[in-house]
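# Coordinate analysis (summary)
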Amino acid sequence: MNVRPARSADLPRLAPLWRAAWLDGHEGHVPPELMAARGPEHFTVHAEKYLGTTLVATDADDHLLGLIILGDEDGEVIQLAVDGTARGQGVGGTLLRAAEDRFRGRHHQIWLAVVPGNTRARRLYEHLGWHDTGRLIYQSPTATGTTPVPVHRYVKDL
Ligand SMILES: CC(C)(COP(=O)(O)OP(=O)(O)OC[C@H]1O[C@@H](n2cnc3c(N)ncnc32)[C@H](O)[C@@H]1OP(=O)(O)O)[C@@H](O)C(=O)NCCC(=O)NCCS
């Protein structure tokens, strides 16, 4: 497995991979308004918007296995997504460690938001030394503004 910065040639594969994984992690765990705002268009637009701060994991043939989107300003892991066929093989953990490497020296503590029902992701974060600081309301962007989504805020000291 290789981790490298995303590039524009990845976009046609990146956006659908991200959308499918996002649905897996969020369906049934977030308000209907957020589901309604997360059609294919959202992922296409945002994959391009975040391209400069996205890392991808690829296999030996450079096929995409997963992605991590980073918020350099405040040390946020904005999104983590692994293709359904590549889960349970350490891809998510490798991407999270790559994020730590990128943030180290710039932030003393990094953070992410995860919905309460996403137990698989929460287990992985805890396994990797992140800890839950409790609930907060995350204002998730929609086409017309934001919608409030209850999440847990996880942090990790670097
Ligand atoms: C959450 C998610 C990113 C995890 O990715 P992943 O690649 O499956 O993660 P890993 O393989 O590193 O770890 C997952 C599990 O495999 C185990 N694992 C780690 N390395 C492994 C390896 N080399 N071989 C076998 N298993 C391994 C981990 O211990 C972990 O076990 P757990 O499920 O009991 O916690 C992935 O399931 C996903 O994309 N889900 C949908 C989107 C989502 O929820 N994103 C997070 C939003 S906050």
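A brief report on the enclosed structure follows.

### Some remarks on the site of the ligand
- Neighbouring the ligand are 21 residues; Leu80, Gly88, Gly90, Gly92 and Asn118 lie closest to it.
- At 2.9 Å from an oxygen atom of the ligand is found a main-chain nitrogen or oxygen belonging to Gly93.
- Within the side chain of Arg120, an N or O atom sits 3.4 Å from an oxygen atom of the ligand.
- The site holding the ligand turns out to be the largest pocket.
- Going through the elements one at a time, α1 (11-26), β4 (76-82), α4 (91-103), β5 (109-114) and α5 (119-127) are the ones with two or more residues in the shell around the ligand.
- At six residues, the largest contribution of residues to the shell around the ligand is made by α5.
- In terms of residue class, the shell around the ligand is made up of ten nonpolar, eight polar and three charged.

### Digging into the packing of aromatic side chains
- Throughout the structure, instances matching the rule amount to five aromatic pairs.
- When the centroid spacing of 6.0 Å and the interplanar angle of 55° are considered together, the rings of Trp22 and Phe43 count as tilted. Of this pair, Trp22 sits in helix α1 while Phe43 sits in helix α3 (residues 40-49), and the two are 21 residues apart along the sequence. With respect to class, Trp22 is no different from Phe43; both count as buried.
- Ring plane angle 50° and centroid distance 6.2 Å describe the contact between Tyr125 and Trp130, whose orientation is recorded as tilted. With respect to burial, Tyr125 and Trp130 carry one shared label: buried.
- Taken together, the ring pairs in this structure connect Trp18, Trp22 and Phe43 into an aromatic cluster.

Analysis parameters
- Within every chain, residues take consecutive numbers counted from 1 along the sequence as written.
- Thresholds applied to this predicted model are a pLDDT of at least 70 for local features of residues and 80 or more for the giving and counting of side-chain atom pairs; totals over whole chains, interfaces and linings are not thresholded and use all residues.
- The side-chain quantities take in all heavy atoms of the structure and omit both hydrogens and water.
- When at least one non-hydrogen atom of a residue lies within 4 Å of a molecule or strand, that residue is treated as near it.
- By the criterion applied in these results, polar contacts are pairs of N or O atoms within 3.5 Å in which, for protein atoms, one can donate a hydrogen and the other can accept it, and in which residues neighboring in sequence qualify only through two side-chain atoms.
- Points on a 1 Å grid, built from protein atoms alone, make a cavity when a 1.4 Å probe fits but cannot get out and make a pocket when they are open with protein on both sides within 12 Å along at least 5 of 7 lines; residues with an atom within 4 Å of a point are the lining residues.
- Grid points define the cavity or pocket, and a molecule sits in it when more than half of its atoms lie within 2 Å of them.
- Note on conventions: DSSP H or I runs of at least 4 residues are helices, E runs of at least 2 residues are strands, and numbering of each starts at the N terminus.
- We call Asp, Glu, Lys and Arg charged. Ala, Val, Leu, Ile, Met, Phe, Trp, Tyr, Cys and Pro are nonpolar, and the rest, Gly among them, are polar.
- When two rings of Phe, Tyr or Trp (its six-membered ring) have centres within 6.5 Å they constitute a pair, described as stacked for plane angles under 30 degrees, edge-to-face for angles over 60, and tilted for the intermediate range.
- When a residue's accessible area, from a 1.4 Å probe over protein chains only, is under 20% of the maximum for its type it is buried; when over 50% it is exposed; and in between it is partly exposed.

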